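# Geometric and topological summary
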Amino acid sequence: MSKQLPWFRVYTRMVDDDKLKLLAFEDRWHFVALLCLKGEGLLDKGDAPGLLMRKVAVKLGLDVRSLEEVARRLAEVGLVDQATLQPVKWDGLQMRSDTDTTAAERKKRQRAREKAAKAAPSNDVTGDSVPDTDASRVTGTDVTRTDTDIDTDTKVERTEVELDSVGRNAAGVTPDVAAPSASPDPEPQRPPPSADKAKGTRLPLGWVLPKRWGDWALQERQDLTAEDVRSEAECFADHWHSKAGADARKVDWEATWRNWVRRVDRRRASGSAGSAQQGVGKFAGAAAAIYDGVVL
């Protein structure tokens, strides 16, 4: 005989169960009602089949004949045993701990043990017992290992690696692991970028073209010679040194140089057009002086 349960486990996947979908809505409720009677213990009291059917019929508000038809339909889809009305998969879906009356008491004792363990003092290292010792990772001597040492073994090893990175620990003792003979200067912290830096800077006075920038220009514009690149670098420096205002400040001067090189043809074409117009104007003035007062 099973113990009575104030509740039983029902799984959300029931809504998609193919067997339940084959039943009419009223039979789905009949199945749920049988599960309730199973949890209540009514189906496990050992009653004769006839008496059991009458008791269940009263619970479900049916006559015995209608209950027999319900049992037949539920058994056809494999949900219950037709003769005993027992749910087929009850034991597989309910947990043994649900009916274990000692579970709460056992859990209470477990929590009491955990609380006592936390409140207990550390291992006695002053008594006559032989302490649990191990070689110290810092001094190389035997030291007593406490429970905390064992529990935090991974943290200690990580700390030693961090000590090794600077050469010595806080006590001035060199770790056993390989470490540099002298403590290197700690890496200076870089200050956060200022607002002025984010707004850009002017091209430094005395700027010369870096070799890497020049190599890039020769690779990008293979129609330019080394002399052309040097000439463009001089024009680049003169242009930005002579320019005033916010436009003369750049965040990335290397990117500015790349754009300068890409626009070489555009600047040359603009310069050629200006020279041609200047030449036309000059020759026109000379012709006017030559033919001044002459009617052609």
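So, here is what we can say about the structure in this document. (Residues numbered from 1 in each chain as written. Predicted model: local features only at pLDDT ≥ 70, side-chain atom pairs only at ≥ 80, totals over all residues. Heavy atoms only, no water.)

Scanning the protein chain from N- to C-terminus turns up 13 helices and two strands. Expressed as a percentage of the 296 residues in the protein chain, the buried residues total 22%. Accessible surface, the protein chain as shown: approximately 21700 Å² in total, 55% of it carbon and sulfur. (Helix = DSSP H or I, 4+ residues; strand = E, 2+ residues; numbered from the N terminus. Buried < 20%, exposed > 50% of the residue type's maximum accessible area, 1.4 Å probe, protein only. Areas by Shrake-Rupley, 256 points an atom, 1.4 Å probe, with all protein chains shown as cover.)

In this section: the side chain of Lys250. With respect to the helices and strands, the residue Lys250 is situated in the loop between α11 (226-242) and α12 (253-262). Note on Lys250: relative accessible area 19%, which makes it buried. Setting aside its immediate chain neighbours within four residues, Lys250 contacts Gly200, Thr201, Trp240 and Thr256. (Contact = heavy atoms within 4.5 Å.)

Per the stated rule, a full pass over the model turns up 17 salt bridges. Glu254 is paired through a salt bridge with Arg258; the nearest N and O atoms lie 3.7 Å apart. With a gap of four residues between them, Glu254 and Arg258 both fall in helix α12, about one helical turn apart. (Salt bridge = Lys/Arg side-chain N within 4 Å of Asp/Glu carboxyl O.)

Let us now look at the layout of surface pockets. Empty space within the largest pocket amounts to approximately 390 Å³. Every residue lining the largest pocket is counted, 19 residues in all, and those nearest its centre are Met14, Asp17, Phe31, Lys89 and Leu93. When contributions to the lining of the largest pocket are tallied by element, the ones reaching two or more residues are α1 (18-21), α2 (25-40) and α5 (90-93). By residue class, the composition of the lining of the largest pocket is twelve nonpolar, two polar and five charged. (1 Å grid on protein atoms, 1.4 Å probe; cavity = no way out; pocket = protein on both sides within 12 Å on 5 of 7 lines; lining within 4 Å. Points joined across faces, edges and corners; volume = space filled by probe spheres on them. Nonpolar A, V, L, I, M, F, W, Y, C, P; charged D, E, K, R; others polar.)

Attention shifts here to the packing of aromatic side chains. Ring pairs (aromatic) are described by centroid distance and by the angle formed between their planes. Throughout the structure, instances matching the rule amount to seven aromatic pairs. Ring centres 6.1 Å apart and planes at 90° place the aromatic pair Phe236 and Trp253 in the edge-to-face group. Within this pair, whereas Phe236 is found in helix α11, its partner Trp253 is found in helix α12, the two being separated by 17 residues in sequence. By relative accessible area, Phe236 is classed as buried at 0%. Centroid distance Trp240 to Trp253: 5.5 Å. Interplanar angle 75°. Geometry classified as edge-to-face. Of this pair, Trp240 sits in helix α11 while Trp253 sits in helix α12, and the two are 13 residues apart along the sequence. Sitting over the face of the ring of Tyr11, Arg13 holds its NZ or CZ atom 4.7 Å from the ring centroid. The ring of Phe25 carries Arg28 above its face, with NZ or CZ at 4.7 Å from the centroid. (Phe/Tyr/Trp six-rings, centres within 6.5 Å; stacked < 30°, edge-to-face > 60°. Lys NZ or Arg CZ within 6 Å of the ring centre and 35° of its normal.)

Interpretation in functional terms is not warranted from these geometric data alone.
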